[in-house]
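# Structural characterization, general
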Amino acid sequence: MPQKDLLETIIEQVRPLLGKGKVADYIPALAEVDPTKLGIAVTTVDGQTIGAGDYLEPFSIQSISKVFSLTVALTLYEEGEIWSRVGKEPSGQSFNSLVQIELERGVPRNPFINAGALIIADLLQSRLGAPKHHMLEVVRKLSADPHVIYDKRVAASEYEHSARNAAIAYLMKSFGNFNNDVDRVLKNYFHYCALKMSCADLSRAMLYLANRGQSLSGQQVVSPIQTRKLNALLATSGLYDGAGEFAYRVGMPGKSGVGGGIIAVIPGDMSICVWSPELDKNGNSLAGTAALERLSQALGRSIF
Ligand code: GLN
């Protein structure tokens, strides 16, 4: 278990990096966030959470939600039904790229780039009567925080600027790999991305990834083998085109979001969340990555 002062030291060590990245501004409501926010939280498999900095302040989780969507899909579908629609390979492209979808006939490389997450959202739409409501229930339960909400303003802002995600979805539909109404699925997808959670919430919610599929409350969310598979996908594709660099520096399965959050996992031990809104060129939190790098060094832990 890391100590609170270690987390506080890490926060102070990476603070000088603030100003070196760029807040996501292609979703206007996200551009309004205070760029100096910085937080870290760790939840250990014995259920304790500690944190430092702004770790209790909710932020827009954005693509971190793709972990929850895939997890829910794994509880609703046979694995084969998912992997016939989306791949398991790193994309080598930016998270919102269109080129591969055309070249690879409508099948996205993995469930963590936007195209893949839209396929997962399409799958959820087909099986759930009220996907938004279901997702909110799932994350509230996983994080043990009944106050988690959707930031309606962020969801609306993204919907207003949805040309690229809509293009991705329609392109996949043109290849027959999209079953539901695009607009409806986009709206749900934007809501998942607009979930507002703190580092403490997210580190608690992701504990099942560190604990063989068992959540903080003892619920078996997915099986131990499914958990291992989820972590493998996170390690290879969770940080988009920065996954190699992240593996090299941090050495943990992880998932980033353009809100500046990153979750990371040390299987068998702990789940971690960092938050700093300024991003690097791959759309991953710049100071957040540095904080995780320092934590893995200080603990002497990595999956490699
Ligand atoms: N909602 C964002 C989008 O669809 C998520 C991207 C991200 O966090 N990388 O563009």
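Residues numbered from 1 in each chain as written. Predicted model: local features only at pLDDT ≥ 70, side-chain atom pairs only at ≥ 80, totals over all residues.

## Examining the packing of helix 5 (residues 114–127) against helix 8 (residues 163–174)
Relative to each other, helix 5 and helix 8 sit at 65°, their axes nearing to 10 Å. The pairing of helix 5 with helix 8 is recorded here as roughly perpendicular in orientation. For the crossing formed where helix 5 meets helix 8, the hand is right-handed. Touching N114, A115, L118 and I119 of helix 5 are N165, I168, A169 and M172, all from helix 8. Grouping the amino acids of the contact of helix 5 with helix 8 by side-chain chemistry returns six nonpolar, two polar and no charged. (Axes fitted to C-alpha atoms, helices over the stretch in contact; angles between N-to-C directions. Helix = DSSP H or I, 4+ residues; strand = E, 2+ residues; numbered from the N terminus. Parallel < 35°, antiparallel > 145°, perpendicular 65-115°, else oblique. Left-handed = near helix turned anticlockwise from the far one by under 90°. Contact = placed C-beta atoms within 7 Å. Nonpolar A, V, L, I, M, F, W, Y, C, P; charged D, E, K, R; others polar.)

## Considering the pairing of strand 3 (residues 49–53)
The buried fraction of strand 3 is high, at five of five residues. For strand 2 (residues 39–44) and strand 3, the ladder comprises five bridges, and the chain directions are antiparallel. Counted as the bridge partner of V42 is I50 from strand 3. (Buried ≥ 20, exposed ≤ 12 C-beta atoms within 10 Å, placed from the backbone. Pairing = 2+ DSSP bridges.)

## Digging into the site of the ligand
Every residue close to the ligand is listed here: Q62, S63, F95, N96, N114, E158, N165, C193, G257, V258 and G283. Here the shell around the ligand is built from residues that sort into three nonpolar, seven polar and one charged. (Near = placed C-beta within 6 Å.)

## Quick look at the pairing of strand 8 (residues 261–266)
Taken residue by residue, a regular strand's side chains alternate between the two faces of the sheet. Of all six residues in strand 8, six are buried; the element is thus mostly enclosed. Residues G261, I263 and V265 point to one face of strand 8 and I262, A264 and I266 to the other, with burial holding for every one of them. Joining the antiparallel neighbours strand 7 (residues 254–256) and strand 8 is a turn of four residues, in which G260 adopts a positive phi near 100°. Pairing of strand 8 with strand 9 (residues 270–275) involves six bridges; the strand directions are antiparallel. Bridge pairing in strand 9 places I266 opposite M270. From the end of strand 8 to the start of strand 9, which pair antiparallel, there are three residues, and G268 there has a positive phi angle of about 90°.

## Digging into unusual backbone geometry
Positive phi outside glycine occurs at R105, with the angle close to 50°. Mapped onto the elements of the fold, R105 is located in the loop between helix 4 (99–103) and helix 5. At A144, a position not held by glycine, the phi torsion is positive, near 55°. With respect to the helices and strands, A144 occurs in the loop between helix 6 (131–143) and strand 5 (149–150).

## Considering helix 6
Here helix 6 is 13 residues long and its end C-alpha atoms lie 18 Å apart, about the 18 Å a rise of 1.5 Å per residue gives. Taken together, the buried positions of helix 6 are P131, M135, V139, L142 and S143. For helix 6, the buried positions fall inside an angular range of 85° around the axis, keeping them on one side. Where helix 6 is buried, its residues touch helix 2 (65–76), helix 5, helix 9 (182–193), strand 6 (195–197) and helix 10 (199–205). A144 occupies a position one or two residues after helix 6 and carries a positive phi of about 55°. (Expected span 1.5 Å × (residues − 1). Arc of directions from axis to C-beta.)

## Quick word on the environment of P108
Within the fold, P108 resides in the loop between helix 4 and helix 5. Look at P108 and you get buried, because 26 C-beta atoms sit within 10 Å. Residues P108 and S91, spaced 17 residues apart in sequence, show a C-alpha to C-alpha distance of 8.3 Å. Leave out the neighbours within four places in its chain, and P108 touches V86, G87, I101, I113, A115, G116 and I119.

## A word on the sheet that holds strand 5
Strands in a sheet are paired, the pairing made by backbone hydrogen bonds, and the direction either parallel or antiparallel. In space, the three strands of this open sheet follow the order 4-6-5, with antiparallel pairing throughout. The open sheet has two free edges, formed respectively by strand 4 (59–60) and strand 5, since each of these has just one partner strand. Across two bridges, the pairing between strand 4 and strand 6 is antiparallel. Residue pairing for strand 6: F59 is matched across the bridge by M197.

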